[in-house]
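# Structure assessment
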Amino acid sequence: MDKPIIDALNWDILLHLATFLTRHDLSQLSKTCHTLYEASIRELLYDPVELRADNILSFHACLSGDDTSRRASLVRELVLNCSLSRPRRAPKSIAGHAGAIPEVIEIITAILRTTHNLKRLELDWAAAGLSNYLHHALFALINLEELRIPFLSQSLWDDLQDLRAPLRKCSMQFGPMRDTTVADPIPLLENFSSTLEEVSFSNVQFTYGTTQYPKVRKLSLSNCYVDFLLGGIDTASVTWAFPNVTDFSFSAVRVHPEISQWLEGRNSDKPELIQRCRRSNKHAHSQRISWSSLQRISVGHVADLYMLGLEGHVPQVEIGMLSASTLYMLQDALQDTRPAALALSLFAVDRILECIPRLFNPGTAADRLSQFELTLRCMRPSIDTDKLVASLSELLGPLRVERLTLRLHRWDTVGVYYLPKEELLPIDACLDHIYSLAGELVMRLTQGIPSLREAALRVGDRVVEWKATIPAVRVSVGRDILWDTRI
């Protein structure tokens, strides 16, 4: 009897073939035979594994089989999603008898104690609220490189005190700590000062300390406090603790963008605190050179960049929101950073489009711009493209901008709520119409801005590009190029 063709294939070939399958297909394939089961499980465990109420018991049973050590060593990334409910059923190999359901903490602890090669661990809010399971599994997390915690309480932090791992990436939202309502992360993470390279903190307040993190290149801060007031930052202590940052993201107050903020501003803004922070930060930067390696800065609102009071050239600047009352801050912020590339985000409504020509004042740092990107959030079924082209031409015509990117995408939320489908269809129709005119719009922009060498119009995932060195308009969707229109 001839052997099945599957037995003639090399093990490496089976593993390679498994990489082309979806997780669902791999799950189905694992049920066919022992050989394909091992190949499928290997690929499934290499991908990030999300533990939920409906799969945590079966995953634990998989790691608790005859090949425990080999299977567990394949797990690299775990996402603990414990927000749903208790596990639904318990095999006899896990529980003492059929139908008995062990506590979630016991299962998670058992899993973590076997995954010695785990590189990335992410907790959801419910998993962050559980206690003791990390404390009993720390000895196994010796290879952990990335840790993401949406809410770090004092009890969870106590569990992490004995963690000894080469942690490179860390994302944490801090809760109240012992003796303080707002945590200072600098001394808390001292054990990882020699390994951390990328950090993201929320709900924090910084003070001067003795600990530095010289390897951190990417830093993200949100919901920051000064003197226990939300909406400010002391950059002197931050630049001292993280002296070699090249990529900085900052939102003093993390607020969802709303069209009403153009006229009303953000409710969380405190003008006196913003001005006080700018004065103190300006003074600190003038006394000591800091962040000389900074290459990119992204802020949620122009007020965030304004209060930083930076002193020095930052090649790339991104601003997520503006308001009519803070346009003056944009001029000062550009003078502080003197960027070569600037990205702004606005809502695509007439009263905002009319203000585009007033974004830059003549003779300011905007004269140094060589790249400009404008993202328009579309939440209404009509956009005056003539006004948009005229406004951009008036804004950028006097400048020396060589590359322009215009992005239009559907904005489908109001606060925390999603717009109903019937309200989104007219917006999609409007964007489809704009895309049908994309080639014409790009050419009109190149005529109104003489310095342009490259231009791109992105409508959703569809792109129209133009380059002065190539007499054509290139049209593509995603990564697929559809055609070149010669001119």
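Every chain begins its residue count from 1, and numbering advances along the sequence as written. Note on the predicted model: pLDDT of at least 70 is required for a residue's local features to be given, and 80 or more for side-chain atom pairs to be given and counted; whole-chain, interface and lining totals, by contrast, use all residues. To get the side-chain values, take all heavy atoms of the structure and skip hydrogens and water.

## Description of the packing of aromatic side chains
This is how the line gets drawn: Aromatic rings from Phe, Tyr and Trp, taking only the six-membered ring of Trp, are treated as a pair when their centres fall within 6.5 Å; an angle between ring planes under 30 degrees marks them as stacked, one over 60 as edge-to-face, and anything in between as tilted. Under the DSSP-based scheme used, a helix requires at least four consecutive residues in state H or I and a strand at least two consecutive residues in state E, with every element numbered from the N terminus. Working definition: with a 1.4 Å probe on protein chains only, accessible area under 20% of the residue-type maximum means buried, over 50% means exposed, and in between means partly exposed.
Overall, the coordinates contain eight aromatic pairs when judged by the stated rule. Seen from their ring centres, tyrosine 306 and tyrosine 328 are 6.0 Å apart, and the 75 degrees between their planes marks the pair as edge-to-face. With tyrosine 306 in helix α14 (residues 302-308) and tyrosine 328 in helix α15 (residues 327-337), this residue pair connects regions lying 22 residues apart in the sequence. By relative accessible area, tyrosine 306 is classed as buried at 5%. A relative accessible area of 41% places tyrosine 328 in the partly exposed class. Three or more aromatic residues joined by ring pairs form one cluster here, namely Phe248, Phe250 and Trp291.

## Section: the packing of helix α5 (residues 56-63) against helix α7 (residues 104-112)
What describes two packed helices is the angle between their axes and the distance between those same axes. Short version of the rule: Axis definition: a line fitted to C-alpha atoms, limited for helices to the stretch in contact. Angles are taken between N-to-C directions and run from 0 to 180 degrees. Here a crossing is called left-handed whenever its near helix is offset anticlockwise from the far helix by less than a right angle, and right-handed whenever the offset is clockwise. Any two residues having at least one pair of non-hydrogen atoms within 4.5 Å are treated as being in contact. For this scheme, ten residues count as nonpolar: Ala, Val, Leu, Ile, Met, Phe, Trp, Tyr, Cys and Pro. Four count as charged, namely Asp, Glu, Lys and Arg, and the remainder, Gly too, count as polar.
Where α5 meets α7, the closest approach of the two axes is 10 Å, and the angle between their N-to-C directions is 35 degrees. As for the relative orientation of α5 and α7, their crossing is left-handed in sense. Counted together, Ile56, Leu57, Phe59, His60 and Leu63 of α5 and Ile107, Ile108, Ala110 and Ile111 of α7 form the full contact between these two elements. Here the contact of α5 with α7 is built from residues that sort into eight nonpolar, one polar and no charged.

## What to know about the side chain of serine 298
Among the secondary structure elements, serine 298 is positioned in strand β10 (residues 296-299). Judged by relative accessible area, which is 16%, serine 298 ranks as buried. Not counting chain neighbours up to four residues away, the residues in contact with serine 298 comprise Phe248, Ser249, Phe250 and Glu318.

## Re α7
Since the α-helix turns once every 3.6 residues, residues separated by three or four places project in the same direction. Of all the positions in α7, only Val104, Ile107, Ile108, Thr109, Ile111 and Leu112 are classed as buried. Buried residues belonging to α7 abut β1 (49-51), α5, β2 (77-80) and β3 (120-123).

## What to know about the pattern of salt bridges
Our working definition: Any Lys or Arg side-chain nitrogen located within 4 Å of an Asp or Glu carboxyl oxygen qualifies as a salt bridge.
Under the criterion given, the structure shown has 20 salt bridges. Ionic pairing is found between glutamate 77 and arginine 120, a salt bridge with its closest N-O pair at 3.7 Å. Taken together, the positions of glutamate 77 in strand β2 and arginine 120 in strand β3 put the pair 43 residues apart, joining distant regions of the chain. On the accessibility criterion, arginine 120 (16% relative accessible area) is buried. Among the ionic pairs, lysine 119 bridges to glutamate 145, the shortest N-O distance being 3.8 Å. Highlighted residues: lysine 119 in the loop between α7 and β3 and glutamate 145 in the loop between α8 (125-129) and β4 (146-152), separated in sequence by 26 residues.

## A look at the packing of helix α13 (residues 271-287) against α15
In plain terms, the rule: Put simply, angles under 35 degrees are roughly parallel, angles over 145 are roughly antiparallel, angles from 65 to 115 are roughly perpendicular, and the rest are oblique.
Contact geometry of α13 with α15 gives a least axis separation of 14 Å together with a crossing angle of 15 degrees. Compared by their axis directions, α13 and α15 come out roughly parallel. As for how α13 packs across α15, the hand of that crossing is left-handed. Contacts from Ile274, Gln275, Arg278 and Lys282 of α13 reach α15 at Tyr328, Met329, Asp332 and Asp336.

## A look at the environment of cysteine 224
Mapped onto the elements of the fold, cysteine 224 is located in strand β7 (residues 218-226). A relative accessible area of 1% places cysteine 224 in the buried class. Through-space distance from the C-alpha of cysteine 224 to that of serine 251 is 7.7 Å; in sequence the pair is 27 residues apart. Once residues lying within four places of it in the same chain are set aside, the contact partners of cysteine 224 are Val204, Leu229, Leu230, Gly231, Gly232, Phe250 and Ala252.

## Some points on the pairing of β3
Two faces belong to every sheet, and in a regular strand the side chains alternate between them. Test applied: At least two DSSP bridges between two strands are needed for those strands to be called paired.
The sheet contact formed by β2 and β3 spans four bridges and is parallel. Bridging from a neighbouring strand, leucine 78 pairs with leucine 121 of β3. Summarising the sheet, β3 and β4 pair through three bridges and their orientation is parallel. Its bridge partner being in β4, arginine 120 is matched across the sheet by glutamate 146.

## Notes on the confidence of the model for the chain
Any region with low pLDDT has predicted coordinates that should not be read closely. We count it as follows: Confidence per residue, as judged by the predictor, is encoded in pLDDT with a range of 0 to 100.
Mean pLDDT over the chain: 82, with 86% of residues reaching 70 or higher. Long-range and interchain partners of residues 90-101, a stretch whose pLDDT sits below 50, account for 18 contacts in this model, where long-range means more than four residues apart. Taken as a whole, residues 479-487 scores under 50 in pLDDT and shows 22 contacts with residues more than four places along the chain or in a different chain.

## Brief notes about helix α18 (residues 421-436)
Threshold: Multiplying 1.5 Å by the helix residue count minus one yields the expected span of that helix. Each direction from the helix axis to a C-beta atom contributes to the arc, which is the arc of those directions.
Taking 1.5 Å per residue as the helical rise, α18 with its 16 residues ought to reach 22 Å, and the 23 Å between its terminal C-alpha atoms agrees with that figure. Burial in α18 covers these residues: Leu424, Ile427, Cys430, Leu431, Ile434 and Tyr435. For α18, the angular spread of buried residues about the axis comes to 140 degrees, placing them on one side. α18 presents Lys421, Glu422 and Ser436 as exposed residues on the side facing more than 90 degrees away from its buried surface.

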